[in-house]
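One letter stands for each residue in the lines below.
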Amino acid sequence: MEPQWLDDRQQRTWRAWLAVTELLPRTLDAQLQRDAGLTHAAYVVLAMLSEAPDRSRRMSDLARTANQSQSRLSHTVARLEERGWVRRERAADDRRGNLAVLTDAGWEVVRRVAPGHAAAVREGLFAGLTPAQTEALGDALAVVLDRLDPDHTLRVPEVG
């Protein structure tokens, strides 16, 4: 049986996707390093905590929503703890789970950095797209995401 190669359109799209997934995170990392000395992965942890009730999440839930392994998240949270932006606590409801809690200092970092991050995302991803292209991109990515995460357990929760 012959291998099923990508057709020209698929190959072009795939290579563009690869380039975007390499270049956009690099651009966002540069902005976050410049503005707050943060990696994009650390910022995502802060952002996920800032959007959570009581600005806290179970570590296991945070790993999922921040798209990090438990081990990587533990290292990320440790670095954020050293800066006074996050603290760990035992879960009050069962005393078995651990929570990551965004401190007031961490909240201030998010408030200060978020506008520049949003501007970098707009410039890096959306500035060259028409509204129709933005909607089409969102629709296409939703279909891909539904195939990769059909039970919706791996997704970053949608906001507002």
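The notes below deal with the structure included here.

## Quick word on the environment of Ala-36
For Ala-36, the position within the fold is in helix α1 (residues 8-36). With 77 residues separating them in the primary sequence, Ala-36 and Val-113 have C-alpha atoms 6.9 Å apart. Once you skip the residues sitting within four places of it in the chain, Ala-36 turns out to touch Arg-83, Trp-85, Arg-112 and Val-113.

## As for the pairing of strand β3 (residues 98-102)
Successive residues of a regular strand alternate their side chains across the two faces of the sheet. The buried fraction of β3 is high, at four of five residues. Both strand β1 (residues 56-58) and β3 contribute to a ladder of three bridges, which runs antiparallel. Note that in β3 the partner of Arg-57 across the bridge is Ala-100. With five bridges joining them, strand β2 (residues 86-90) and β3 adopt antiparallel strand pairing. Its bridge partner lying in β3, Glu-89 is registered against Leu-99.

## Observations concerning the pattern of salt bridges
Scanning the model with the defined rule gives eight salt bridges in all. Two residues, Glu-89 and Arg-87, come together in a salt bridge whose shortest N-O distance is 2.7 Å. The class of Arg-87 is partly exposed, set by a relative accessible area of 40%. Three or more residues joined by partner-sharing salt bridges are found here, namely Arg-57, Asp-61 and Arg-64.

What counts, and where the lines are drawn
- Residues numbered from 1 in each chain as written.
- Predicted model: local features only at pLDDT ≥ 70, side-chain atom pairs only at ≥ 80, totals over all residues.
- Heavy atoms only, no water.
- Helix = DSSP H or I, 4+ residues; strand = E, 2+ residues; numbered from the N terminus.
- Contact = heavy atoms within 4.5 Å.
- Buried < 20%, exposed > 50% of the residue type's maximum accessible area, 1.4 Å probe, protein only.
- Pairing = 2+ DSSP bridges.
- Salt bridge = Lys/Arg side-chain N within 4 Å of Asp/Glu carboxyl O.

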